[in-house]
Amino acid sequence: MGDKKPTQRDSQRTWGGRFETKPDELMTRINASICFDKRLWREDIAASKAHAAMLREQGIISEADAAAILEGLDQIAAEYERDGVPERLELEDIHMTVESRLAELIGPAAGRLHTARSRNDQVATDFRLWVRNACDEAVCAIHNLQRALVVRADEHAETVMAGFTHLQVAQPVTLGHHLMAYYEMLRRDVSRFSDSRARMNESPLGSAALAGTGFPIDRERTADALGFDRVTANSLDSVSDRDFALDYLSAAAQCSLHLSRLAEELILWATSSFGFVKLSDEFSTGSSIMPQKRNPDAAELVRGHCGRIIGALTALMVTMKGLPLAYSKDMQDDKEPVFEARDLLTLSLQALAGMVETVEFVPERMRAAAAQGYSTATDLADWLVGEANVPFREAHHITGRAVKAAEERGCDLADLPIDVLKSIDERIDQRAFDVLSVDASVRSRRSYGGTAPERVREQIAAAKESLGL
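Residues numbered from 1 in each chain as written. Predicted model: local features only at pLDDT ≥ 70, side-chain atom pairs only at ≥ 80, totals over all residues. Heavy atoms only, no water.

**Q** Quick one: what's the story with the overall build of the protein, residue by residue and with numbers?
**A** Helix and strand counts for the protein stand at 19 helices and six strands. Relative to the compact-globule value of 23 Å for 469 residues, the protein shows a C-alpha radius of gyration of 31 Å, a clear excess of over 25%. Principal-axis analysis of the C-alpha atoms places the extent of the protein at approximately 100 × 55 × 40 Å. Looking at the protein as a whole, 49% of its 469 residues are labelled buried. In the protein, the proportion of contacts linking residues at least 24 apart, taken out of those at least 6 apart, comes to 74%. If you sum the accessible surface of the protein, you get close to 22400 Å²; carbon and sulfur atoms cover 50% of it. Each charge class in the protein can be summarised by its mean position, and for the 56 positive and 73 negative side chains these summaries are 2 Å apart. (Helix = DSSP H or I, 4+ residues; strand = E, 2+ residues; numbered from the N terminus. Rg over C-alpha atoms; globule rule 2.2 N^0.38 Å. Buried < 20%, exposed > 50% of the residue type's maximum accessible area, 1.4 Å probe, protein only. Contact = heavy atoms within 4.5 Å. Areas by Shrake-Rupley, 256 points an atom, 1.4 Å probe, with all protein chains shown as cover. Lys, Arg positive; Asp, Glu negative; His and termini not counted. Charge placed at Lys NZ, Arg CZ, Asp CG, Glu CD.)

Given below as structure tokens:
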């Protein structure tokens, strides 16, 4: 392709002094990340301001240069807020985009900003700040969904529905109890994001390219200015670590699994076979050919987003798995999976909160399902244990025979004649019918964490206090 003589613009590249010819156009395209890492502009400017202030305080740059740099960075922030970040591929990334614009504004003093730092510790700092904020956003969005669940659970603390195992009717529970199960899943998600945030809150700034710097910098000063709890302890690890991004993605993937399970239940419950809910118009769509359809598209998309978020985690894990210390260009691909996962998780949390807030439950269908499938069989077995002193395994067998008798007669357990029950086991008496209704079954589950309405209301009260409701 022949020699490509360097241009004035090429000579301005941060690394251009070593090279005699300009990069191929394809190299420029594959090397550039500005199209996606421009999201980091706020973090890049914040970290640059903290770095400049520290350089001034340490006497590494002059007061005049520091003042010009800080003023210029504020002007750039105002421009980007107003007009967005320009994408010049030859500047490669957000760091050089900011530095180039700073040079246009204040001249040679801009070149002093990069003293005692490298793009390696710069991007590690910027990205860590961004992910830290993403953790905070996730916790806030999760709390909003939890509030919606708690409000609806409070409305339905006594609404009886079927509890399922293997998607078969198992035992009666309350809708409030069911909804609070998702509250608990999300509570663990909050803890995962919070733990990740605490672990990642270390500042890599000052680690430079990989070995630290000979300038008398104050890393604690910049860490404090950026809200970090401490500084990282090893410069090699500092610039090559992406555990914080993997921690975020791991928490996001786990959270998305929970959201997908809730979405799946709403999808099932909205079918004519279940009929447990009616989804609102706001979170449903119609069919282009079948005018009667009401499709749970929002829930289906939440379910689909889960796969993409898990894919983001897998992608970054595979990227990082074989990289030697310290920095490698592969790590430029660390951001897009995290950015995508954050967007999908935020959208999914918001959509599910809206669905939970607006869904119409159908208690009569839920109660009818709870009465099917001999869901109070365990209550009969428990009665035999508690009232007739029958060992549980024997009580289980007796109850199985009672279920078979009900199946043969095409009736519920509660509708079996007492003489039929006595023919199965003479220790069964009239008192057994007191436990065979779905309401009695639900009321009896008083163990801590159980579905008895009084226990459900206790959990709701604790959740409200935690959420500030």
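**Q** So what about the pattern of salt bridges? Which residues, and what values?
**A** Throughout the structure, instances matching the rule amount to 41 salt bridges. With a closest N to O distance of 2.8 Å, R119 and D93 form a salt bridge. With R119 in helix α7 (residues 119-155) and D93 in the loop between α5 (63-83) and α6 (94-106), this residue pair connects regions lying 26 residues apart in the sequence. Taking the relative accessible area as the measure of exposure, D93 reaches 7% and is therefore buried. A salt bridge links E454 to R446, with the shortest nitrogen-to-oxygen separation between them at 3.5 Å. For E454, a relative accessible area of 41% puts it in the partly exposed group. (Salt bridge = Lys/Arg side-chain N within 4 Å of Asp/Glu carboxyl O.)

**Q** Just give me the short version of the layout of surface pockets, but keep the residues and values in it.
**A** Roughly 630 Å³ of volume is contained in the largest pocket. Lining the largest pocket are 28 residues, and of these F164, V173, H177, H178 and A181 lie nearest its centre. Listing elements by their share of the lining of the largest pocket, those giving two or more residues are β1 (160-165), β2 (168-174), α8 (175-200), α11 (243-269) and α19 (453-467). Counting residues per element, the lining of the largest pocket draws most heavily on α8, at seven residues. For the lining of the largest pocket, the residue count by class is 14 nonpolar, nine polar and five charged. (1 Å grid on protein atoms, 1.4 Å probe; cavity = no way out; pocket = protein on both sides within 12 Å on 5 of 7 lines; lining within 4 Å. Points joined across faces, edges and corners; volume = space filled by probe spheres on them. Nonpolar A, V, L, I, M, F, W, Y, C, P; charged D, E, K, R; others polar.)

**Q** Any chance you could break down the side chain of E99 for me, citing the residues and the numbers?
**A** Relative to the helices and strands, E99 is located in helix α6. There is no salt bridge for the buried E99, and the closest opposite charge comes from R117, which lies 4.9 Å off by N-O distance. What E99 contacts, discounting residues up to four positions off in sequence, is A110 and H114.

**Q** Lay out the environment of I428 in plain terms, naming residues and giving numbers.
**A** Here I428 lies in the loop between α17 (418-424) and α18 (438-444). Residues I428 and I398 lie 30 residues apart in sequence; the distance between their C-alpha atoms is 9.8 Å. When near neighbours in sequence (up to four residues on either side) are disregarded, I428 contacts W383, L384, I398, I418, L421 and K422.

**Q** So what's going on with helix α4 (residues 41-57)? Residues and values would help.
**A** If you check α4, its first and last C-alpha atoms are 24 Å apart, about what 17 residues at 1.5 Å a residue would give, namely 24 Å. Counting buried positions along α4 yields 12 of 17 residues, so the element is predominantly enclosed. Those residues of α4 that sit buried are W41, E43, D44, I45, A47, S48, A50, H51, A52, A53, M54 and L55. Where α4 is buried, its residues contact α3 (34-37), α5, α6, α7 and α9 (219-225). Looking one or two places after α4, you find G59, whose phi comes out positive at around 70°. (Expected span 1.5 Å × (residues − 1).)

**Q** So what's going on with unusual backbone geometry? Residues and values would help.
**A** A cis geometry characterises the amide bond from L325 onward to A326, with omega recorded as 10°. You can see A326 is positioned in the loop between α12 (297-320) and α13 (335-358). Of note, the phi angle at A116 is positive, near 65°, even though the residue is not glycine. Checked against the element boundaries, A116 lands in the loop between α6 and α7. Despite not being glycine, L167 shows a phi value in the positive range, around 60°.

**Q** Lay out the nonpolar core in plain terms, naming residues and giving numbers.
**A** The nonpolar side chains of a soluble globular protein tend to be buried, and buried together. In this structure, F193, Y248 and L345 are the most contacted members of the largest nonpolar core, which totals 103 residues. With 15 residues, the single largest contributor to this core is α11. Once residues within four sequence positions are removed from consideration, L345 is found in contact with A138, F193, Y248, A252, C255, S256, L259 and I309. One finds A377, V390, V403 and L413 within the second-largest nonpolar core, a separate group that totals 24 residues. (Core = buried A, V, L, I, M, F, W, Y, C linked by side-chain atoms within 4.5 Å.)

**Q** Before we move on, can you summarise helix α15 (residues 377-388) with the specific residues and values?
**A** Spanning 12 residues, α15 covers 16 Å between terminal C-alpha atoms, matching the ideal 16 Å at 1.5 Å per step. The inward-facing, buried residues of α15 contact α16 (392-409) and α18. Remark: N389 follows α15 within two positions and exhibits a positive phi of approximately 60°.

**Q** Quick one: what's the story with the pairing of β2, residue by residue and with numbers?
**A** The pairing of β1 with β2 spans six bridges and is antiparallel. Following the sheet pairing, A162 is matched in β2 by P172. Hairpin connection from β1 to β2: two residues lie between these consecutive antiparallel strands, with H166 at a positive phi of about 60°. (Pairing = 2+ DSSP bridges.)

**Q** Report on the side chain of S256, specifying residues and quantitative values.
**A** Take S256: it is sitting in helix α11. S256 gets classed as buried once you look at its relative accessible area, which sits at 3%. In contact with S256, other than residues within four places in its own chain, are C306, I309 and L345.

**Q** Break down the packing of aromatic side chains for me, citing the residues and quoting the values.
**A** Two measures describe an aromatic ring pair: the distance that separates the ring centres and the angle between the ring planes. Taken as a whole and assessed by the stated rule, the structure comprises nine aromatic pairs. Ring geometry for F274 and F276: centres 5.3 Å apart, planes at 85°, overall edge-to-face. Note on accessibility: F274 and F276 belong to one class, buried. Joined through ring pairs, the aromatic side chains of F127, W130, F244 and F339 make up one cluster. For R132, the ring lying beneath its charged end belongs to F228, and the centroid distance is 5.0 Å. Lying across the ring of F127, K335 places its NZ or CZ 5.6 Å from the centre. (Phe/Tyr/Trp six-rings, centres within 6.5 Å; stacked < 30°, edge-to-face > 60°. Lys NZ or Arg CZ within 6 Å of the ring centre and 35° of its normal.)

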